[in-house]
Every structure is written in structure tokens, then in C-alpha cells.
Amino acid sequence: DSVKLPVAETGMQIKIINHGAASCNVFPNTSDKINEGAIDTAKALAVDASLLCSCWDVDNWECVTLTR
């Protein structure tokens, strides 16, 4: 399973919650980056965890894992 973030817009925040049976991958939109990683590289999201993603410019997301 996977999720794709929307087109990056400075100041945008997205929260993704995984209540599924397996971990999932969260992908940035095409040509974007998560946590200064490689372009188009996913971040894993464990079961029963959530990810808070904040866009700090037009192609970079900072995503922090939140657990319950």
C-alpha cells in the first residue's frame, strides 16, 4: 500500500494515519523530496502510526512520525 503527497505548496501541512494491516510507503509528488532525501523516494509508515508532513518550499517536505 502507498500514499502520494499532493503538489508541494509552501506552508501546507498533511497528516497521514495508517490504521491498515501493514506498513505503507508515503511518496512525495513527482520530483519532490521528503526530509532532504533523494527525489521521489518514499518514507515508510508503520501500522498504527501517523506522519505529519509540512512543506517548507515548492519541492521539499519535512515529515515526522507520530506514534500513539
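Scroll up to find the structure.
Residues numbered from 1 in each chain as written. Predicted model: local features only at pLDDT ≥ 70, side-chain atom pairs only at ≥ 80, totals over all residues. Heavy atoms only, no water.

A closer look at the sheet that holds strand 7 (residues 60-67)
Spatial strand order, 2-6-7-4: four strands in an open sheet with mixed pairing. The outermost strands of the open sheet, each flanked by one partner alone, are strand 2 (13-18) and strand 4 (33-34). (Pairing = 2+ DSSP bridges. Helix = DSSP H or I, 4+ residues; strand = E, 2+ residues; numbered from the N terminus.)

Let's talk about the state of the cysteines
Across all of its chains, the model carries one disulfide by this definition. Between the sulfur of Cys 53 and that of Cys 63 lies a disulfide, 2.3 Å long from S to S. Disulfide Cys 53 to Cys 63: torsion about the S-S bond roughly 115 degrees, handedness right-handed. Here Cys 53, found in strand 6 (residues 49-57), pairs with Cys 63, found in strand 7; they are ten residues apart in sequence, far enough to count as distant. Distance from the sulfur of Cys 24, which forms no disulfide, to the nearest cysteine sulfur (Cys 53) is 11 Å. (Disulfide = S-S within 2.5 Å.)

Remember, this is a structural readout, not a statement about activity or role.
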